[in-house]
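Each chain is listed here by its residues.
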Number of protein chains: 2
Amino acid sequence: MSILIALALQAAAPAPPPAPSPGEIVAAAPAGEWVAIAPADLLVMELAPLAKERPRTVVIQLMPPPFSQGWIGNIRKLAAAKWWDGTSVNRVQDNYVVQWGDATEKKPLPAGLATVAQSTYITGTPVKLRERWLDRLKVFDIVFDSASKKSDVQLDEINRASSFVRDSYGYMADNWQGWSIAGDEKSIWPVHCYAMVGVGRNLAPDTGSGAELYTVIGHAPRHLDRNIALVGRVIEGIEHLSSLPRGTEALGFYKTAQERVPILRIRLASDLPAAERPRFQYLNTEGPTFARYAEARANRRDPFFNVPAGGADICNIPVPVRRIQSSP
Amino acid sequence: MSILIALALQAAAPAPPPAPSPGEIVAAAPAGEWVAIAPADLLVMELAPLAKERPRTVVIQLMPPPFSQGWIGNIRKLAAAKWWDGTSVNRVQDNYVVQWGDATEKKPLPAGLATVAQSTYITGTPVKLRERWLDRLKVFDIVFDSASKKSDVQLDEINRASSFVRDSYGYMADNWQGWSIAGDEKSIWPVHCYAMVGVGRNLAPDTGSGAELYTVIGHAPRHLDRNIALVGRVIEGIEHLSSLPRGTEALGFYKTAQERVPILRIRLASDLPAAERPRFQYLNTEGPTFARYAEARANRRDPFFNVPAGGADICNIPVPVRRIQSSP
C-alpha cells in the first residue's frame, strides 16, 4: 500500500469507539476464564419473605483453602445440623455490618465444632504471590533510582509509583485466586471489603465458632482485618441485608424481638436437591481479562469519566461473579 | 523515696487502663475544639413518614469555600424556591448511591441558576496544607535515605512509611477544615466517602445544576472524584436513605412511581424559624483531639483489637459531627 493511500485511509477512519467500561470488559471474557464455584462452597440463606414480596434469598460463597478453614468446617456442620433455622438477623449498623445468629445466645451448638486459633487469621504468603509482589517492588525500585536528586516533584513521582505497590494500610493488596487480600512477604489475609462475611466473636479472639456471622454493608472496615475471621462473601441478595432497617440499640442491635428478621433456613448448596442448587462462577483473577478489568477500574475511560483516578483501592476492584443457568 | 519503696509502689500499681477508643477520645474533646456549623450551611430534607413511624429527616452539611460554591449557590436558591417539595428519591443502587430530584426531569428550574464549570471540581492547594504535606514528605525522605541499600526488607520499610504520605489512589489524602480531601502540590478536591453528597449530571461535565443530588451509601467510589461535584455530606439521618429498598431498573432506578419516596420539603436551616433550626458542630480537624482520634482510627488499641492496622484510608477517618441542644 502506498503511503498516500495509507494516509487517506487513516483520514477516513471513523473516530475510535469509546473505551469499554469495566463491565463491558468482563462481559467479553472467554468462557475459559470463568471458574465454577463448588456447591459445597455455597451457603444459601432464606429470610422470611416480606408481605406480598418474593422470597429473600442470600447466597454466600465460602473461602477456599488456605483461608479460615477451621471456621468454615464449623459453618458446614452448622448448616448440615440446620442450626440456623429459626434464628434471626439481630443487628444492622449503618455503614458497618449486618449480623445474624441466635439472639438468645443460649441455643446449644452441635457437637464437634472446632475451637479455632487466632493464628489462622493469617496464612503464609504463597510463592507465586511473593514473586508477583517482588516484581512490583522492582518497578518501584526503578522509579526510586531515577529520582535520586529527590526534589519535591520527584518525591511525588515516587509517591505515585508506590500506589501500585501498597495500599493506604501499608501492605500489599491484591486479588488472588478469586479473593481480595492484603499482606507482605511473610503472610497474607483476606480483607474486609463490602459484602465480605466474617465470624462474630467476643473479646477473646478464639471465641467465634462460626454460628454468629456478619456481612459488611458500608465502607470497608479494614481495621477488622487480622482481628476477626473472614469466611466468605455475599455473591447474591446482599440488598436483602443492606436495606434492612437499622437497629436503634448500641452497635445497631434491634431493640425488640419483633424487629428481628427470621431466618427460615441456611443450607449448603451441596445439601440441596440437584435441581435447586444455584450455580455461580467467578472470573479467574490470574487471567488476562481480570488484569484488563482491574486496570479499567483504576482508570475509568468510559464516556461519563473525564479524569481517570490513576489507582483504586482493593475494595474498588471486586472480583466479578455471575450466576449461570441451573440446567446447562 | 528509697528504691525499695518505689519498687513496692510499682508492684502495687494497678494495670494501666485500656487504651481509649476513637469515640472516647472524641467524647473527651474540650468544648473549644468543636466548631459550630452555620444555619445557612445546613440543608434539612423531610421524607414522607413511613406508616406508624416518626418523621424521616435527613440533615446535610454544605461545604464551605473554596469548594463547589457555584453548585452550592444553586442549591441555596433551589431550597429558597421550595423547588424540591413534591419531588422524590428515585434511585437506590446497592453499594453505590441514593439519588433524589424531579423524576419527570421536566419541572422548570428557578431563574438565576449558574452554569458551573468543571474546572471548579478542583481548587488550588492552600499554603498551609502544602506545608503540612511537605513536612510529611520530609519524614518519608528520611526513611528513604536510611534505606539506601534497598534490600527487599528496606523497600518494604519505605513502602510502609509512604502509607502516611499518600493513599491507594496515588495522591495525598487528609482531613482539612472539617472535610476529607485528596490532592497534590497544585490542587485539592473533596473525596467520595460514605454519606458525601454530590451533584448528578449527564455526560457533559457542566450539566449538573444541583437540582439532582445523590449521596454515597457504600464503599467510597473514589473514581468519581474530580469527575463530579461534591457539595456536602449527610450528618444525620443517612439511615433513612441507605435502608431504602434497592431499585430494580438499570443503575438502581425505581421501576414504578409507587416505589419512589416522596420528599415533603427541603429547606436551609437558616430559612426555618429559629426554634426549629437544628444545631450541629464538627470537630476542628486542625486541633490536638482530631490528631489523636485519627491516630487511634489507624491503630485501634481498644480491647476488641489485637492487631492495629497501622494505617487507615481517608474514608475510615470520618470527621466527628455532633448535634447540640437547640436551646443553649
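Please refer to the structure higher up on the page.
In short, a report on the structure. The structure presented is a predicted model; accordingly, all values stated were derived computationally and were not measured.

### A word on the packing of aromatic side chains
Here is step 1: In the structure shown here, the tally under the stated rule is twelve aromatic pairs over all chains.
Here is step 2: Taken together, a centroid distance of 6.1 Å and an interplanar angle of 80° make the contact between Phe67(A) and Trp176(A) edge-to-face. One end of the pair, Phe67(A), is in the loop between strand E3 (56-62) and helix H3 (69-80); the other, Trp176(A), is in strand E7 (residues 172-176), with 109 residues separating them in the sequence.
Here is step 3: Among the residues examined, Phe67(A) registers a relative accessible area of 3% and is labelled buried.
Here is step 4: Looking at Trp176(A), the relative accessible area reads 8%, which means it is buried.
Here is step 5: Both rings, one in Phe290(B) and one in Tyr293(B), keep their centres 5.4 Å apart while their planes meet at 55°; by these two values the pair is tilted. Here Tyr293(B) and Phe290(B) lie together in helix H7 (residues 288-298), a separation of three residues that amounts to about one turn.
Here is step 6: When the ring centre of Trp189(A) is taken as reference, the NZ or CZ atom of Arg226(A) above it lies at 4.2 Å.

### Observations concerning the sheet that holds strand E8 (residues 179-183) of chain B
Residues and elements named next belong to chain B.
Here is step 1: An order of E6-E9-E8-E7 is seen for the four strands of this open sheet, with the pairing classed as antiparallel. Every other strand in the sheet has two partners, leaving strand E6 (123-124) and strand E7 (172-176) as the edge strands with one partner each.
Here is step 2: In the sheet, E6 pairs with strand E9 (residues 187-190) via two bridges, with the strands oriented antiparallel. Bridging across to E9, Thr 123 finds its partner in Ile 188.

### Digging into helix H7 (residues 288-298) of chain A
Here is step 1: For H7(A), the full list of buried residues reads Thr289(A), Phe290(A), Tyr293(A), Ala294(A), Ala296(A), Arg297(A) and Ala298(A).
Here is step 2: Of the surrounding elements, those touching the buried residues of H7(A) are helix H2 (22-27), E7 and strand E14 (279-283) of chain A.

### Some details on the side chain of Glu33(B)
All names here are of chain B.
Here is step 1: Examined against the element boundaries, Glu 33 turns out to sit in the loop between helix H2 (22-27) and strand E1 (34-36).
Here is step 2: It turns out Glu 33 is buried and unbridged, and the closest side chain with the opposite charge, Arg 292, is 5.3 Å from it.
Here is step 3: A distance of 2.9 Å separates the side chain of Glu 33 from the side chain of Thr 289, its partner in a polar contact.
Here is step 4: Not counting the four nearest positions on each side in its chain, Glu 33 is found in contact with Tyr 282, Leu 283, Asn 284, Gly 287, Pro 288, Thr 289 and Phe 290.

### Overview of the pattern of salt bridges
Residues and elements named next belong to chain A.
Here is step 1: Evaluation of the coordinates by the stated rule reveals 18 salt bridges over all chains.
Here is step 2: Between Arg 267 and Asp 85 there is a salt bridge; the shortest N-O distance is 2.7 Å. In this pair, Arg 267 sits in strand E13 (residues 261-268) while Asp 85 sits in the loop between H3 and strand E4 (88-92), placing the two residues 182 residues apart along the sequence.
Here is step 3: A residue is classified by how much of its surface remains accessible, and Arg 267, at 14% relative accessible area, is buried.
Here is step 4: Among the salt bridges present, the one from Arg 323 reaches Glu 236, with a minimum N-O distance of 2.7 Å.

### Things to note about the environment of Arg233(A)
All names here are of chain A.
Here is step 1: Its location among the elements puts Arg 233 in strand E12 (residues 230-236).
Here is step 2: Considering only alpha carbons, one finds Arg 233 and Ala 19, 214 residues apart in sequence, at a separation of 30 Å.
Here is step 3: Those residues within four positions of Arg 233 in sequence are excluded, and the remaining contacts are Val 59, Ile 60, Gln 61, Gly 178, Trp 179, Ala 195, Met 196, Val 197, Tyr 282, Val 319 and Val 321.

### Details of the sheet that holds E14(A)
Residue and element names in this part refer to chain A.
Here is step 1: In space, the three strands of this open sheet follow the order E1-E14-E15, with antiparallel pairing throughout. Each having just a single partner strand, strand E1 (34-36) and strand E15 (321-324) make up the two edges of the open sheet. In this sheet, neighbouring strand axes are inclined to one another by 35° on average, regardless of whether the strands run parallel or antiparallel.
Here is step 2: Alignment of E1 against E14, held across three bridges, turns out to be antiparallel. Its bridge partner being in E14, Ala 36 is matched across the sheet by Gln 281.

### Quick notes on unusual backbone geometry
It is generally the case that most residues other than glycine have a negative phi and that most peptide bonds are trans.
Here is step 1: The residue after Pro65(A), namely Pro66(A), is reached through a cis peptide bond having omega 10°.
Here is step 2: Within the secondary structure, Pro66(A) sits in the loop between E3 and H3.
Here is step 3: Of note, the phi angle at Glu105(B) is positive, near 55°, even though the residue is not glycine.

### Focus on the pairing of E3(A)
Residues and elements named next belong to chain A.
Here is step 1: Among the seven residues in E3, six count as buried, and that is most of the element.
Here is step 2: Of the pairings in the sheet, the one linking strand E2 (residues 42-47) to E3 comprises six bridges and is antiparallel in character. Paired with Leu 42 across the bridge in E3 is Gln 61.
Here is step 3: As defined by bridge partners, E3 adjoins E12 across four bridges and the pair is classed as antiparallel. Pairing of Leu 62 across the sheet is with Gly 232, part of E12.

Rules used throughout
Residues numbered from 1 in each chain as written. Chains lettered and ligands numbered in written order. Predicted model: local features only at pLDDT ≥ 70, side-chain atom pairs only at ≥ 80, totals over all residues. Heavy atoms only, no water. Phe/Tyr/Trp six-rings, centres within 6.5 Å; stacked < 30°, edge-to-face > 60°. Helix = DSSP H or I, 4+ residues; strand = E, 2+ residues; numbered from the N terminus. Buried < 20%, exposed > 50% of the residue type's maximum accessible area, 1.4 Å probe, protein only. Lys NZ or Arg CZ within 6 Å of the ring centre and 35° of its normal. Pairing = 2+ DSSP bridges. Contact = heavy atoms within 4.5 Å. Lys, Arg positive; Asp, Glu negative; His and termini not counted. Salt bridge = Lys/Arg side-chain N within 4 Å of Asp/Glu carboxyl O. Polar contact = N/O pair within 3.5 Å; in protein donor to acceptor, adjacent residues only side chain to side chain. Axes fitted to C-alpha atoms, helices over the stretch in contact; angles between N-to-C directions.

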